[in-house]
Amino acid sequence: MGVVVLMIRHEYLATAYRIDVMDCGLLIAYPANKRTIAYSDISSIKMPDSFQKGARHPEVWVIVQNDRKPYKLKQLGVDANTLFLTLKKAKDTKT
């Protein structure tokens, strides 16, 4: 039972619940902290297809130049296609 609680806690803390598109960059809010990413630091924005047990889970990845792992944005209450196009357009117009 403890392992399940730890898995749920990790998923809760590692999942972004809000993203703000600002003039200087993106503000990604997690339950425990916030991260601001400048548009100039973003190397690409992708929307990979991921299938888990036959179901598609759309998500948008923000890939930063010096980070090993991308910021995975999923389940934000908006369609992944709309989020992808909005972030891509914001990055292209601000850089």
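First things first, this report covers the structure right here in the doc. This one's a predicted model, so the numbers in the text were calculated from it and none came from an experiment.

Rules used throughout
- The residue numbers shown here count from 1 along each chain, following its written sequence.
- Confidence filtering applies because this is a predicted model: local features only for residues at pLDDT of at least 70, side-chain atom pairs given and counted only at 80 or more, and all residues used for totals across whole chains, interfaces and linings.
- Only heavy atoms go into the side-chain values, all of them from the structure, while hydrogens and water stay out.
- What is meant by a nonpolar core is a set of buried Ala, Val, Leu, Ile, Met, Phe, Trp, Tyr and Cys residues, joined one to another through side-chain atoms within 4.5 Å.
- Summary of the burial criterion: residues with accessible area below 20% of their type's maximum are buried, those above 50% are exposed, and those between are partly exposed, where the area comes from a 1.4 Å probe applied to protein chains only.
- Working definition: helices are DSSP H or I runs of at least four residues, strands are E runs of at least two. Numbering for both runs from the N terminus.
- In what follows, a contact means two residues having at least one pair of non-hydrogen atoms within 4.5 Å.
- At least two bridges found by DSSP between two strands is the condition for calling them paired.
- A side-chain nitrogen of Lys or Arg and a carboxyl oxygen of Asp or Glu constitute a salt bridge if their distance falls within 4 Å.

Now for the nonpolar core. Ranked by internal contacts, the top residues of the largest apolar core, which has 18 residues, are Ile 28, Leu 73 and Leu 87. Those elements that provide at least two residues to this core are strand E2 (25-29), strand E4 (42-46), strand E7 (60-64), strand E8 (71-73) and helix H2 (80-94). Broken down by element, the residue count for this core peaks at 4 residues, all from H2. Setting aside chain neighbours within four positions, we find Ile 28 in contact with Ala 16, Arg 18, Ile 19, Asn 33, Lys 34, Arg 35, Ile 37, Tyr 71 and Leu 73.

Structurally, Pro 31 can be placed in the loop between E2 and strand E3 (34-38). A C-alpha to C-alpha distance of 9.3 Å links Pro 31 and Arg 18, two positions 13 residues apart in sequence. Other than its neighbours up to four places away in sequence, Pro 31 contacts Tyr 12, Leu 13, Thr 15 and Tyr 17.

Quick look at the pairing of E7 now. Side chains on a regular strand alternate between the two faces of the sheet. The alternating pattern of E7 places Val 60, Val 62 and Val 64 on a buried face, while none of Trp 61 and Ile 63, on the opposite face, is buried. One ladder, built from 4 bridges, connects E4 with E7; its direction is antiparallel. By the bridge assignment, Lys 46 is partnered in E7 with Trp 61. Summarising the sheet, E7 and E8 pair through 3 bridges and their orientation is antiparallel. Paired with Val 62 across the strands is Tyr 71, a residue of E8. Between the end of E7 and the start of E8, which pair antiparallel, lie 6 residues.

On to the pairing of E3, then. In this sheet, E3 lies alongside E2 in antiparallel orientation, the contact comprising 5 bridges. Within E3, the residue paired with Ile 28 across the bridge is Arg 35.

Next up on the list: the pattern of salt bridges. This structure, assessed with the given rule, holds 1 salt bridge. A salt bridge links Arg 18 to Asp 20; its shortest N-O distance comes to 3.3 Å. Taking the relative accessible area as the measure of exposure, Arg 18 reaches 30% and is therefore partly exposed.

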